[in-house]
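Structure assessment
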Amino acid sequence: MEAAADGACRGPLAPPRFADELLDPTLLEAADDAALVTCLKQAMARVDAELERRFHAQADIQQLVTARAWAVDELLIFAWSALCSEPAGMALIAVGGYGRGQLHPHSDVDLLILFEADALDPQAQCAVERFVTVLWDAGFYLGHSVRNLSQCREDVATDVSTATSLMEIRRLSGPEGLAERLQASVAPSEIWSAGEFFHAKFAEQQARHEQFGETAYNLEPNIKEGPGGLRDIQMVGWVAKRHFGTRNLHGLVKHGFLHESEYRELVEGQRYLWRVRFALHLLSGRAEDRLLFDFQRRIAEWFGYGGDPASNEAVEQFMQGYYREVTRLERLNERLLQLFQEQLLSPEQTLVEPLGHGFQLRRGYLEVADAQLFQQRPQALMELFLLLARHADIAGVRASTIRLIVDHLHLVDASFCRDPEVLACFLELLRQPQGVYTQLQRMNRYGMLARFLPAFGNIVGRMQFDLFHVYTVDQHTLFVVRNLRRFAYGKYQELYPHAAPVFQAIDRPELLYLAAIFHDIAKGRGGDHSELGAVDAQQFCSHLSLDAGDAELVAWLVEQHLLMSQTAQKKDISDPETVREFADRVQTLQRLDYLYLLTVADISATSPRLWNGWKGGLLWELREATRHMLAQDPETPQHRSQAREQTRAAALALLQDAGIETGPVEAFWDTLPLSVLRRYSPSQLAWATGVRLDRPEEQPLVALRPRAQRDVTEVLVVAADYQGLFASMTSVFDALGLEVLAARIATGKDGLSFDLFQLMNRQGKPLDEGDSEVVRQRLLTALATEAVPTPPRRRLPRRLRPFVAPPEITFRESHDGRMTELELNCTDEPGLLSKVAAALHQSGVRIHDAMITTLGDRVEDTFVLSDAAGQPLGHEQQAALERALLQTLEHE
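The sections below set out a description of the structure shown in this document. Given the structure is predicted, the values throughout are model-derived calculations rather than measurements.

**Considering the sheet that holds strand β3 (residues 142–148)**
- Spatially, four strands are ordered β3-β2-β1-β4 in an open sheet, and the strand pairing comes out mixed. The outermost strands of the open sheet, each flanked by one partner alone, are β3 and β4 (170–173). Strand-to-strand twist in this sheet, taken as the mean axis angle between neighbours without regard to direction, amounts to 30°.
- As judged from the seven bridges shared by strand β2 (residues 109–115) and β3, these two strands associate in the parallel manner. The partner of Leu 111 across the bridge, within β3, is His 144.
- Across the face of the sheet, helix α6 (residues 149–158) comes into contact with β2 and β3 while running at roughly 115° to β3.

So this is what it looks like as structure tokens:
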């Protein structure tokens, strides 16, 4: 970190101890510009090759980034002396990261060519142009400017970034006095005082963090600009050094602003990020600061992470280490900047307001009245968060108290975690009408939650190497709690129309929050995380003042937290047998409501784009069907025939309300297979029947309607059935970039298909009128020709390539034994459904139903199939179909 010093007019860097292995000065020659370019290229190639070798040999990363800056110093000084030695009053100055003496393999070389006169004379202008051209031709990534002192001051006055870069300068060549005058002219006493500089840089950091969603937990994080990245470390140094005028960060320890432990944390964090950045530059061959999926697995290997090569264990371990490191740095940055503002920019004394129990308010922020409070009474570490929840008007916690919390986390040991007073305080926090999520989030930020629940500590920063889980497990867990709190407040009713009323009906919300905290707590341990988490939940709840029934409910919710989602999205919930199986596992209405709320909150917290009205409708439909089934006499269970009759009666009532006579309706329904009356909802059956009766002669017939409450558009297709009809239709949807969520496929006694699709556009919304008409016309064209196009072979998108896994294909008998269910789990890709449909067509099977589930980078689709005669697929046909699918899903 000392190499990051901000010294006054420092000069070229001292050579590293292995300088002779990097550069051979005898090989540098500049007979002409072309020869100079060649020698610079060759010299830099030798430098980079040696540094790469040393990197893989685990050399000190500080030495590597400094050595590269030294080598560039030497080469630039040589080129400058060859091309720009004659003009007087002109200096070559390193600025920015290069000025700090830090260069990675493809970092920009930031230069200021500073001159004393009002303007460059023609000779000097020519020399500078030659110098810059040679460097570009030699492969240096230049960021350069040519300014005099007056121009520099003008730029600094209007741009805090320029002011920042000129805080870190090194004179490489030219008059030393010129560089000293530059530093004097942009000093805090002249421009950008410490306070002004802080506020400008803080606003700059806030804007930068907003670009990355204000979280360090991005799937492909930017290790330089993202929260917790290198910029956050530099930010601490910039604002503090502007105030104190120190030469390096350790000087802040001497001034009492940094603790020695905090300084070491900054140094170690910077070294870690430098090593990751160095690896990124080597792998990408460019100045790449994004930790892209393509590179994560390779860097994990380079850094020595092990595990089963066929699994994601190594990359997930590496990324967990990365997230933990940048999260620590993000929190340290936040704490130190708050401390800077409190103690240095606003140091005047103010009245304090006692709150009791050792706490007080200062300027609206909570602080301890005595720095020894936590040492004398460790329980206060938990009481602090309850106090904050009870007083919503408290603006936050003072940085000095946050520092004390972090310094006393060692007191949160086994005896603390089993202290009845502490446990009662935590349970009381969960029972508060406000502040539950905010304080749990705060506990996580301060490291308290991981200490209090050691199992939670295992999931802090843990990622899953896929596109489905966009948050780390700890952040996802807290977002589940956040969503439950939104239900409690009745927020976002347009997204969750049923959640708030159901939440108001439950009597112990704290049990839901406990289930949310534990539902994924066992991820990464191996085994079934739901079962392991249930054991953890049961054990923890046994220490709380909960009765046995409440503890059992929490453990059951953790163990079954995926049940409702999997049933609704992967099974036919229009089938009473599916609902009966689900109801048998739920057993009580109380469990049903708690599980419904936990499921909605869980899905919504997995990815910002995962929740939609279609999923919400499925879950509510399953909840309502299960509620009715649990409420009825268990001796008279509902069968499929009863479900058909209920759908029939409800649809008939809707049609009668629309003025349609019963006779034609009944006659039409007699031509349909019984499965239509069971698998369609009353609304779907009434709409599709009305459309068909209104246009009886139209064939093929295509009709669309939006279902805004489900965020889908429904497409009805009535056409002469032919082998490959499903493939023809899906190819149209594929070509238009539409997502198929579900398909109900049936053929009537008259030989006409009666197919219903549910679609979304690329934005996850129903189609507008214009797009609906395009779909209708494209389908009519395809159906008129009865052509089954061959799906085009596409290159897999970059973001999907790291996640390609062998497809998993499973066959099983359908509930009624009349069909075969095919479950396909594989990597998602553009046009996947069209490719699968073509393979099914070529294998001679018929499709009767399809449920499509997309989970980030993979899909879990279920198809209900039969052979051409309408019978279940035999073993040989299943094997042939599996081979065809595997061949179709091969990636180049």
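Once you've had a look at it, read on.
**Thoughts on the sheet that holds strand β5 (residues 352–356)**
- In space, the four strands of this open sheet follow the order β5-β6-β7-β8, with mixed pairing throughout. Because the sheet does not close on itself, it has two edges, and the strands there are β5 and β8 (396–397).
- Most of the contacts of helix α17 (residues 399–407) go to strand β7 (residues 365–368), to which it runs at about 50°, and overall it touches β7 and β8.

**Some details on the packing of aromatic side chains**
- The final tally for this structure, using the stated rule, is 25 aromatic pairs.
- Aromatic side chains Tyr 322 and Tyr 323 sit 5.6 Å apart centroid to centroid with 65° between the ring planes, which places their arrangement in the edge-to-face category. Of the two residues, Tyr 322 and Tyr 323, both sit in the buried class.
- Among the aromatic side chains, those forming a connected cluster through ring pairs are Phe 198, Phe 202, Phe 244, Phe 257 and Phe 340.
- The lysine or arginine in question, Arg 170, covers the ring of Tyr 98, its NZ or CZ lying 5.2 Å from the ring centre.
- Stacked on the ring of Phe 479, the Lys or Arg Arg 482 has its end atom at 4.1 Å from the ring centre.

**Some thoughts on helix α33 (residues 662–669)**
- Restricting attention to buried positions, one finds in α33 the residues Val 665, Phe 668 and Trp 669. For α33, the buried positions fall inside an angular range of 95° around the axis, keeping them on one side.

**Some thoughts on the pattern of salt bridges**
- Under the definition given, this model contains 56 salt bridges.
- A salt bridge links Glu 860 to Arg 858, with the nearest nitrogen and oxygen atoms 3.3 Å apart.
- A relative accessible area of 13% places Glu 860 in the buried class.
- The exposure class of Arg 858 is partly exposed, given its relative accessible area of 27%.
- One continuous salt-bridge network, built from bridges that share partners, spans Lys 570, Arg 812, Glu 821, Glu 823, Arg 858 and Glu 860.

**Let's talk about unusual backbone geometry**
- Along the chain, Gln 699 connects to Pro 700 via a cis peptide bond; the corresponding omega equals -5°.
- Looking at where Pro 700 falls in the secondary structure, it is placed in the loop between α35 (682–694) and β9 (701–707).
- Of note, the phi angle at Gln 58 is positive, near 65°, even though the residue is not glycine.
- If you trace the backbone, Gln 58 turns up in the loop between α2 (33–56) and α3 (61–83).
- Phi is positive for Trp 192, which is not a glycine, with a value near 50°.
- Summarising the element assignment, Trp 192 is placed in the loop between α8 (176–185) and α9 (194–211).

**Focus on the nonpolar core**
- Grouped together as the largest cluster of nonpolar side chains are 236 residues, with contacts concentrated most on Phe 131, Phe 140 and Phe 452.
- The element contributing the most residues to this core is α3, with 13 residues.
- With residues up to four places along the chain from it excluded, the contact list for Phe 131 reads Leu 76, Ala 79, Trp 80, Leu 83, Cys 84, Leu 92, Leu 111 and Ile 113.
- With 45 residues, the next largest nonpolar core counts Val 702, Val 717, Ala 727 and Ile 745 among its residues.

**Re the packing of helix α10 (residues 230–244) against helix α14 (residues 313–345)**
- Close contact between α10 and α14 brings their axes to 9 Å; oriented N to C, the two are set at 20°. Relative to α14, the element α10 lies roughly parallel. Remark: the crossing between α10 and α14 carries left-handed chirality. Between α10, through Asp 232, Ile 233, Met 235, Val 236, Val 239, Ala 240, His 243 and Phe 244, and α14, the contact on the second element is made entirely by Leu 329, Glu 330, Asn 333, Leu 336, Leu 337, Phe 340 and Leu 344.

What counts as what
- Residues numbered from 1 in each chain as written.
- Predicted model: local features only at pLDDT ≥ 70, side-chain atom pairs only at ≥ 80, totals over all residues.
- Heavy atoms only, no water.
- Pairing = 2+ DSSP bridges.
- Helix = DSSP H or I, 4+ residues; strand = E, 2+ residues; numbered from the N terminus.
- Axes fitted to C-alpha atoms, helices over the stretch in contact; angles between N-to-C directions.
- Contact = heavy atoms within 4.5 Å.
- Phe/Tyr/Trp six-rings, centres within 6.5 Å; stacked < 30°, edge-to-face > 60°.
- Buried < 20%, exposed > 50% of the residue type's maximum accessible area, 1.4 Å probe, protein only.
- Lys NZ or Arg CZ within 6 Å of the ring centre and 35° of its normal.
- Arc of directions from axis to C-beta.
- Salt bridge = Lys/Arg side-chain N within 4 Å of Asp/Glu carboxyl O.
- Core = buried A, V, L, I, M, F, W, Y, C linked by side-chain atoms within 4.5 Å.
- Parallel < 35°, antiparallel > 145°, perpendicular 65-115°, else oblique.
- Left-handed = near helix turned anticlockwise from the far one by under 90°.

Don't take any of this as a statement about function, it's just geometry.
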